Each structure stands twice: as structure tokens, then as C-alpha cells.
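An overview of the molecular structure
Here are the chains, one letter per residue:
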Amino acid sequence: MVTVWKDRLFLSVVYILLAGLVVSVIFPLLYVISVSLTPYSEVLKQGGFLVFPRHVTLAAYKAFLRDGLIPHAYGVTVFITVVGTFVNLVLTSLMAYPLTKKYLPGRNAFLLLIVFTTLFGGGMIPTYLIVKETGLLDTVWAMIVPGAVGSFNLLVMKAFFENLPESLDEAARIDGAGETGILLRIVLPLSMPIMATIGLFYAVGHWNEYFAAIIYVSDRKLHPLQVMLQGILRAGQSPEMNIEETMPTISLQMAAVVLTALPIVVIYPFIQKHFTKGVLLGSVKG
């Protein structure tokens with residue numbers, strides 16, 4: 001009887017903590033969305049504290065759509081996210097698969113170099129000089145190519161590949177399949193969880209691309225969404241935008257947050273089931 005009471009008490013505490021965690025996550029989202037959809041006069045009446053909008057207006061979002069730079073920046077961000085994630089997954093998988101083979105010449109040396117890059121980097125200036133000498137400055141590829149393969153993601157994908165049954169590899173070789181055929185027909189189809197997980201990591205990184213854009217790209221027409229919205233979040237209006245001065249700063253800021261986060265929030269539920277499985281199987285060698 002005492003054990004049952006303790007279990008119920010423990011579960012009650014867990015549920016209370018989880019409920020508090022959920023509220024702490026959802027409330028800021030509701031606040032941002034509500035302020036972005038509420039007239040500024042109503043925000044002032046409520047003392048800046050809103051959970052649900054009473055009067056809805058799309059003035060802040062219309063201000064963004066009327067300016068041509070924001071939709072163009074969205075297009076740039078979508079391009080580097082889609083193309084960049086594809087390039088990331090292709091190169092990461094092509095590098096991770098050979099490293100699972102113990103007979104690969106120099107395998108240990110390659111792994112040592114990869115792990116070394118997770119601890120030490122070349123620095124900003126050497127990286128900039130490499131990007132400059134390769135002719136990537138002021139191109140969208142400057143935001144894709146330098147980070148084409150992430151060391152951590154590579155190691156996680158390699159661990160996932162090593163967890164696949166060796167019998168599948170042996171059976172494919174008996175049937176006459178080569179390394180390319182095994183990778184394309186067996187390994188990758190069985191690796192959708194890790195591909196979805198690593199793809200999400202890469203996609204979120206590309207979608208939030210900011211540092212590489214301000215370092216390598218000076219052409220405003222090639223700036224991604226994050227760079228365009230940086231001025232809005234900081235000052236309420238970017239100098240290169242043509243938004244009305246009457247638009248309240250807080251409305252622009254909240255609308256900018258919604259526009260930035262919405263695509264990732266919409267996409268994540270569709271790959272959530274693969275995400276947890278991919279992280280667990282890719283990080284633990286069983």
C-alpha cells in the first residue's frame with residue numbers, strides 16, 4: 001500500500017513538472033503570435049501582456065509582403081536550406097559509409113582527423129581566405145559549401161551505419177552487388193531515421209544561417225532571411241527596407257519571429273517519429 005502511494009506521489013510530481021515545462025514553452029509562442037496579430041493600441045491597453053488576441057490585424061505581415069526584399073530573402077533561405085541540406089546528406093553519407101569498413105586503408109587516420117576538427121578549427125580568417133580563393137564570395141554557395149560536412153553529424157551517421165546487420169552486406173555481395181549498389185539499395189533505404197535526423201540538423205542550421213551570410217556575402221540581394229530580419233529585431237526597421245515608419249517596432253519584431261520560426265515548426269511534426277529513433281540508434285553502438 002505504501003509503495004502504491006509513493007508511486008502515485010512520484011507520478012503526480014512528474015506530471016506537475018511536465019505541465020510547467022509545457023506552459024513555459026507554449027506561453028512565449030502564444031505571446032509572440034498574439035502581439036504580432038494584435039493592433040498596437042490594443043497591446044498598449046493590455047500593458048503589453050497578451051495571451052490571446054482580441055482584435056486581429058495582419059498589418060505587420062502585410063508590411064513585410066509589400067517590401068520586395070523580404071520575399072526575395074525568403075527565396076534565398078529556402079534555396080540554401082533545400083539545396084544545402086541535399087548536398088550535406090549526400091556528402092555526409094558518402095563519407096560515413098566507407099569509414100564503417102575496417103579494411104579501408106587509412107581509416108584510423110581519417111577518423112582521427114575528423115575527431116580533431118570537432119575540437120579545433122582553422123579560425124575565421126583562414127576560412128575566409130579559403131572561401132575567397134575558391135571564388136565563393138558573394139554567392140549563395142558560400143553559405144553551403146564551407147559547412148558541407150559536419151564532423152559530429154558524420155560520426156553519428158557512421159555509428160548508425162555500423163549498427164546495420166552485417167548479414168545484409170554479405171548477402172548483397174553474394175548476389176553480386178558492389179559498394180555503390182549496397183549503399184544505394186540497402187544501406188540508405190534502411191537509414192531513413194538517421195537521414196531524417198541529420199537532415200533536420202542541417203536544415204535548421206541553413207534556415208538560421210546568419211554568420212556566413214554577413215561574412216561572405218556583401219550583396220544585399222543574396223542575403224538570407226535572418227540577415228534581413230536582424231535589423232528589424234534590433235531596431236524595428238532595417239535601413240534597406242521600405243516599411244512605413246508608422247509601423248510599431250514591437251509588431252514588426254513579433255511578426256519577424258513568427259515568419260522565421262513557422263516553417264520549421266510546421267515541418268518538424270512530420271519527421272518527429274524518425275528524429276528520436278535516429279538520434280538513439282545513431283549515437284549508441286549496440
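In this report, we go over the structure that sits alongside the text. (Residues numbered from 1 in each chain as written. Predicted model: local features only at pLDDT ≥ 70, side-chain atom pairs only at ≥ 80, totals over all residues. Heavy atoms only, no water.)

1. Comments concerning the overall build of the protein
Looking only at helices and strands, the protein has 13 helices and zero strands in total. Along its sequence from the N terminus, the protein presents helices and strands in the succession α-α-α-α-α-α-α-α-α-α-α-α-α. Residue burial in the protein is summarised as follows: out of 286 residues, 37% are buried. Across the protein, contacts joining residues at least 24 apart in sequence account for 72% of those joining residues at least 6 apart. Accessible area for the protein stands at about 17,100 Å²; split by element, carbon and sulfur atoms hold 70% of it. (Helix = DSSP H or I, 4+ residues; strand = E, 2+ residues; numbered from the N terminus. Buried < 20%, exposed > 50% of the residue type's maximum accessible area, 1.4 Å probe, protein only. Contact = heavy atoms within 4.5 Å. Areas by Shrake-Rupley, 256 points an atom, 1.4 Å probe, with all protein chains shown as cover.)

2. Looking at the pattern of salt bridges
Taken as a whole, this structure holds three salt bridges when the rule is applied. Between glutamate 162 and arginine 107 there is a salt bridge, with its nearest N and O atoms 3.3 Å apart. You can see glutamate 162 sitting in helix H7 (residues 151–163) and its partner arginine 107 sitting in helix H5 (residues 107–119), a full 55 residues away along the chain. Here arginine 173 ties to glutamate 179 by a salt bridge, and the two come within 2.6 Å at their closest N and O atoms. (Salt bridge = Lys/Arg side-chain N within 4 Å of Asp/Glu carboxyl O.)

3. Here's the deal with the packing of aromatic side chains
Summed over the entire model, instances satisfying the criterion amount to four aromatic pairs. Ring geometry for phenylalanine 79 versus tryptophan 141: centroids 6.0 Å apart, planes at 75 degrees, classification edge-to-face. Separated by 62 residues along the polypeptide, phenylalanine 79 in helix H4 (residues 69–99) and tryptophan 141 in the loop between helix H6 (124–133) and H7 bring together distant segments of the chain. The exposure class of phenylalanine 79 is partly exposed, given its relative accessible area of 34%. According to the relative accessible area criterion, tryptophan 141 is partly exposed, its value standing at 37%. (Phe/Tyr/Trp six-rings, centres within 6.5 Å; stacked < 30°, edge-to-face > 60°.)

4. Considering the packing of helix H8 (residues 166–174) against helix H9 (residues 179–187)
Contact geometry for H8 and H9: axes closest at 10 Å, N-to-C directions at 125 degrees. Considered as vectors, H8 and H9 are oriented oblique to each other. As H8 runs across H9, the sense of the crossing is right-handed. Residues Leu168, Asp169, Ala172 and Arg173 of H8 lie in contact with H9, whose contacting residues are Glu179, Ile182 and Ile186. Of the residues that constitute the contact of H8 with H9, the class distribution is four nonpolar, no polar and three charged. (Axes fitted to C-alpha atoms, helices over the stretch in contact; angles between N-to-C directions. Parallel < 35°, antiparallel > 145°, perpendicular 65-115°, else oblique. Left-handed = near helix turned anticlockwise from the far one by under 90°. Nonpolar A, V, L, I, M, F, W, Y, C, P; charged D, E, K, R; others polar.)

5. Concerning a nonpolar patch on the surface
A surface patch of nonpolar side chains, amounting to about 890 Å² of accessible area, comprises Phe10, Leu11, Tyr15, Leu18, Leu21, Val22, Val25, Ile26 and Leu29. Locating tyrosine 15 in the fold gives a position in helix H1 (residues 2–37). Looking at tyrosine 15, the relative accessible area reads 55%, which means it is exposed. (Patch = residues over 30% accessible without salt bridge, like charges linked within 9 Å, V, L, I, M, F, W, Y side chains within 5 Å.)

6. Structural notes on the layout of surface pockets
Its boundaries defined by the atoms lining it, the largest pocket holds a volume of some 460 Å³. Taken together, 18 residues line the largest pocket, and the ones lying closest to its centre are Thr100, Lys101, Leu164, Glu166 and Asp169. Mapped onto the lining of the largest pocket, the elements with two or more residues apiece are H7, H8 and H9. Looking at which element gives the most residues to the lining of the largest pocket, the answer is H8, with four residues. Residue classes in the lining of the largest pocket are distributed as nine nonpolar, one polar and eight charged. By volume, the second largest pocket amounts to about 400 Å³. (1 Å grid on protein atoms, 1.4 Å probe; cavity = no way out; pocket = protein on both sides within 12 Å on 5 of 7 lines; lining within 4 Å. Points joined across faces, edges and corners; volume = space filled by probe spheres on them.)

7. Some thoughts on unusual backbone geometry
The phi dihedral of aspartate 138 falls on the positive side, at around 60 degrees, and the residue is not glycine. Summarising the element assignment, aspartate 138 is placed in the loop between H6 and H7. Classification of aspartate 138 as partly exposed rests on a relative accessible area of 34%.

8. Comments concerning the side chain of threonine 100
Residue placement: threonine 100 occurs in the loop between H4 and H5. The exposure class assigned to threonine 100 is buried, which follows from its relative accessible area of 16%. The residues contacting threonine 100, other than those within four sequence positions of it, are Arg107, Lys158, Phe161 and Glu162.

9. Description of the environment of arginine 220
Among the structural elements, arginine 220 can be located in the loop between helix H11 (211–216) and helix H12 (225–235). Put simply, arginine 220 and leucine 69 are 151 residues apart on the chain and 8.7 Å apart in space, counted from C-alpha to C-alpha.

10. A short note on the side chain of serine 151
Inspection of the secondary structure assignment puts serine 151 in helix H7. Setting aside chain neighbours within four positions, we find serine 151 in contact with Ile114, Thr117 and Thr118.

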